[in-house]
Amino acid sequence: MDYDVLVVGAGILGLATAYHVLEKDPKARVLIVDKMGDVGQGATAKSAACFRAGLFTSHTNRLLSYTSVSFYIDIQKEGTDLGIKQVGYLILRSEDQFKEIADVSQQLEREGMLRIYKKDELKKLLKMNFEFDGDEEAEILGVKNVDYGLFGYKCGYMDADKLAFYYRDEIKSRGGEFLFNTTVKKILVEPEERLGIPREPRAWQKVKFSGVETNKGVLKAKQLVIAAGGWTAQLLDPLGIDCISKPKKRQIFTIRPRTDEQKALLYTQGFNEEGILPFTILPTEHYIRADERDGTFWLCLSDEIRPFSTDEEPEENYYYDNIYPIIVKYFPQLEGARVDNMWAGLYMINSVDHNPVVFKRANMVVATGASGSGILKGDAIGRIAAALLFDEPYAELYGGEKIPSDKLEVVGRALEEEKFVF
Ligand SMILES: Cc1cc2nc3c(=O)[nH]c(=O)nc-3n(C[C@H](O)[C@H](O)[C@H](O)COP(=O)(O)OP(=O)(O)OC[C@H]3O[C@@H](n4cnc5c(N)ncnc54)[C@H](O)[C@@H]3O)c2cc1C
């Protein structure tokens, strides 16, 4: 039987889209197909699941993040545990780095979104090295001084699995269906009106995307959503449809504190109620997430020069070559910290403006390009994709603010520059 909407990909973007389709039309027959055995097993599961509400310089990013995070926080307030810990974001910057973002940081401080800490204030709270003048090794490693800290309030981390399960259960309770362990091999193209002539569709015929061919057979639907994460371009390339986003591997390494000094760093007091180190971004863009749940540090660095590829194998050497030497400069108490666990997933990178990509071609909506912020903007992206499916000119985000549904479209894109890219 034909479905109204068939979604390829049960990651956060596919799930949020399916959920909002069913919110708009409870009678819609919605099917979500994924090659994995359950929801959120792609990049969604691999993410650090950190969030920053409104801590962006572009208006669009502020809107997408603020509304999505507010939605998640309210879900948790209403009784569904999403593992949200509002531990804050601490963005450490050198004097030079701060100059570039001083205006916008001060504006965000006036709006109550963040607090700017000066070095002397930070020194009272954080046990770390702040100055590296005369340290030749630090210079070679590109380690910069810490002169400022921007502390974002409505920020922290959550549990991506719990968020994915929330959407899954809500979708199921609204009658949405899932088909797991099913790989989509091809998107099917048909003429809108079949004329019964050979080699249809011809170039002059209007086409529609009538369904997908999978390892378990053909599935048909009136409308399609392609939210296949790092594999989206593989599905669209044969159609000649450009999603201006390509996959790159991103890796997380966890280390368990073994000494009292390491434990004291993990449970740094003074920033949040949890009494834990906030999600901390160093001037080198390495980040540290102190995980309260399993008492570990999560470390990550996004490298620029790396092939676009769907390779997801973590590389232990990456930690010892690129993360450890820098981290111990800032936090000497982490000397000797070895990798306990590691994993890798895919960012879908839109190098044009680093904003998500959501657009419609004929009866197919594509939602991708969420880079390292698909969890924290996921709900808003889902609302925009759902609005496009219903041909609505505006998508209503959580809290009521509206955004043009074609704001994240590829053609004629004109989005504000984002300066808070970490
Ligand atoms: C290491 C790392 C850290 C991150 N940290 C953060 C963070 O702190 N905060 C944040 O907001 N974001 C973070 N992200 C980004 C975030 O995880 C992604 O932006 C988000 O998960 C993208 O969701 P998605 O639905 O587009 O993709 P996915 O979650 O990858 O979902 C795509 C789904 O499509 C399925 N699929 C693909 N191809 C096919 C096919 N042919 N047939 C059937 N099924 C298919 C896959 O199995 C997968 O389940 C991080 C990502 C990584 C890798």
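Since the model is a prediction, treat every value here as computed from it, not as a measurement.

Two elements in contact, helix 3 (residues 59-77) and helix 11 (residues 374-389), have axes separated by 7 Å at closest approach and are oriented at 100°. Here helix 3 is positioned roughly perpendicular relative to helix 11, judged by the angle of their axes. Of the residues in helix 11, those in contact with Asn 61, Leu 64, Ser 65, Thr 67, Ser 68, Val 69, Phe 71 and Tyr 72 of helix 3 are Ile 375, Leu 376, Lys 377, Gly 378, Asp 379, Ala 380, Arg 383 and Ile 384. Residue composition of the contact of helix 3 with helix 11, by class: 8 nonpolar, 5 polar and 3 charged.

As a further point, take the sheet that holds strand 14 (residues 287-291). Strand order in the open sheet made by the 8 strands is 5-6-4-13-14-15-12-16, with mixed pairing throughout. Edge positions in the sheet fall to strand 5 (114-118) and strand 16 (341-349), since each has one partner strand and no second. Between one strand and the next, the sheet's axes are offset by a mean angle of 20°, whatever the strand orientation. The sheet strands contacting helix 10 (residues 316-330) are strand 12 (246-255), strand 14, strand 15 (296-300) and strand 16, and the helix crosses strand 12 at an angle near 65°.

Let's shift gears to the nonpolar core. Membership of the largest hydrophobic core comes to 63 residues, with the highest contact counts inside it found for Met 128, Tyr 319, Tyr 330 and Leu 334. Element by element, the count of residues in this core is highest for helix 10, at 8 residues. Filtering out sequence-adjacent residues up to four positions away, Tyr 319 remains in contact with Phe 253, Ile 255, Leu 299, Tyr 324, Pro 325, Ala 337 and Val 339. Judged by nonpolar contacts, the second largest core, of 58 residues, contains Val 5, Ala 49, Phe 51 and Ile 73.

Further remarks concern the packing of aromatic side chains. Considering all chains together, one arrives at 20 aromatic pairs under this definition. Centroid distance Tyr 19 to Tyr 167: 5.4 Å. Interplanar angle 70°. Geometry classified as edge-to-face. Highlighted residues: Tyr 19 in helix 1 (residues 12-24) and Tyr 167 in helix 7 (residues 160-173), separated in sequence by 148 residues. The class for Tyr 167 is buried, based on a relative accessible area of 0%. When the centroid spacing of 6.0 Å and the interplanar angle of 50° are considered together, the rings of Tyr 319 and Tyr 324 count as tilted. On the basis of relative accessible area, Tyr 324 is assigned to the buried category, the value being 17%. Here the aromatic residues Tyr 19, Phe 71, Tyr 72, Tyr 166, Tyr 167 and Tyr 398 are joined through ring pairs into a cluster of three or more. Seen from the ring of Trp 231, Lys 35 lies directly overhead, with NZ or CZ sitting 3.7 Å from the centre. Note that Arg 383 overlies the ring of Phe 71, its terminal NZ or CZ placed 5.1 Å from the centroid.

Moving on, we get to helix 10. End to end, helix 10 covers 21 Å across 15 residues, agreeing with the expected 21 Å (1.5 Å per residue, within 8%). At Ile 323, helix 10 shows its maximal kink, close to 45°; a proline, Pro 325, follows between one and four residues later. Summarising the contacts, the buried residues of helix 10 are in contact with helix 6 (136-141), strand 12, strand 14 and strand 15.

Let us now look at the domain arrangement of the protein chain. When the domains of the protein chain are assigned, the result is domain 1 (3-50 + 161-245 + 352-404) and domain 2 (89-152 + 247-349). Here the C-alpha centroids of domain 1 and domain 2 sit 34 Å apart. Counting the surface lost from both domain 1 and domain 2, the interface buries some 1400 Å², and carbon and sulfur atoms represent 61% of this. It is Lys 46, Ala 48 and Cys 50 in domain 1 that bury the most area against domain 2; as a group they hold 37% of the surface buried on that side. Put simply, domain 1 and domain 2 have 1 salt bridge between them. Its salt-bridge partner being Lys 46, residue Glu 312 comes within 3.3 Å of it at the nearest N-O pair. Here domain 1 is connected to domain 2 by 5 residue pairs in polar contact (both at pLDDT 80 or more). Within the residue set of the side of domain 1 that touches domain 2, elements represented by two or more residues are helix 2 (43-46) and helix 8 (232-236). A class-by-class count of the residues in the side of domain 1 that touches domain 2 yields 9 nonpolar, 11 polar and 1 charged.

In this chain, Glu 200 is followed by Pro 201 through a cis amide linkage whose omega measures -5°. Position of Pro 201 among the secondary structure elements: in the loop between strand 9 (184-191) and strand 10 (207-214). Here Asn 181, not a glycine, exhibits a phi torsion of approximately 50°, which is positive. Positionally, Asn 181 belongs in the loop between strand 8 (177-179) and strand 9. You will see that His 354, though not glycine, has its phi angle at about 55°, which is positive. Within the secondary structure, His 354 is located in the loop between strand 16 and strand 17 (357-361).

Counted by the stated rule, this structure contains 34 salt bridges. The shortest N-O distance in the salt bridge between Glu 315 and Lys 249 comes to 2.6 Å. Placement of Glu 315 in the loop between strand 15 and helix 10 and of Lys 249 in strand 12 is noted, with a sequence separation of 66 residues between them. Residue classification places Lys 249 among the buried positions, given a relative accessible area of 4%. Of the charged contacts, one joins Arg 383 and Asp 379 as a salt bridge, the two residues approaching to 2.6 Å between their closest N and O atoms. Residue Arg 383 and its partner Asp 379 are located together in helix 11, separated by 4 residues, close to a single helical turn. Asp 379 sits in the buried class, given a relative accessible area of 0%.

What counts and how
- Position numbers for residues count from 1 along each chain, tracking the sequence in the order it is written.
- Side-chain atom pairs in this predicted model are given and counted only at pLDDT of 80 or more, local residue features only at pLDDT of at least 70, and totals for whole chains, interfaces and linings cover all residues.
- Values shown for side chains rest on all heavy atoms present in the structure; no hydrogens or waters enter the calculation.
- In this analysis, axes come from line fits to C-alpha atoms, helices being fitted only over the stretch in contact, and the angle between any two N-to-C directions falls in the range 0 to 180 degrees.
- Helical segments are the DSSP runs of H or I of at least four residues, strand segments are the runs of E of at least two, and each set is numbered from the N terminus.
- Roughly parallel means an angle under 35 degrees; roughly antiparallel means over 145; roughly perpendicular covers 65 to 115; every other angle is labelled oblique.
- Note on contacts: a residue pair is in contact if any heavy atoms of the two residues lie within 4.5 Å.
- Three classes are used: nonpolar for Ala, Val, Leu, Ile, Met, Phe, Trp, Tyr, Cys and Pro, charged for Asp, Glu, Lys and Arg, and polar for all others, with Gly counted as polar.
- Two strands qualify as a pair provided DSSP detects at least 2 bridges between them.
- To qualify as a nonpolar core, a set must consist of buried Ala, Val, Leu, Ile, Met, Phe, Trp, Tyr and Cys residues joined through side-chain atoms within 4.5 Å.
- Remark: exposure states derive from per-residue accessible area (1.4 Å probe, protein chains only) relative to the maximum for the residue type, with buried under 20%, exposed over 50%, and partly exposed in between.
- Any two rings among Phe, Tyr and Trp, with Trp reduced to its six-membered ring, count as a pair given centres within 6.5 Å; such a pair is stacked if its planes are under 30 degrees apart, edge-to-face if over 60, and tilted if neither.
- In this scheme, Lys NZ or Arg CZ marks a charge over a ring once it lies within 6 Å of the ring centre and within 35 degrees of the ring normal.
- Working rule for helices: expected span equals 1.5 Å times residues minus one.
- The seven residues ending at a residue and the seven starting there each receive a fitted axis; the angle between those axes is the bend at that residue.
- As annotated, the domain borders come from an automatic or database domain assignment.
- Once two parts are brought into contact, the accessible area they lose, counted with a 1.4 Å probe and summed over both, makes up the buried area.
- Any Lys or Arg side-chain nitrogen found within 4 Å of a carboxyl oxygen on Asp or Glu counts as a salt bridge.
- By the criterion applied in these results, polar contacts are pairs of N or O atoms within 3.5 Å in which, for protein atoms, one can donate a hydrogen and the other can accept it, and in which residues neighboring in sequence qualify only through two side-chain atoms.

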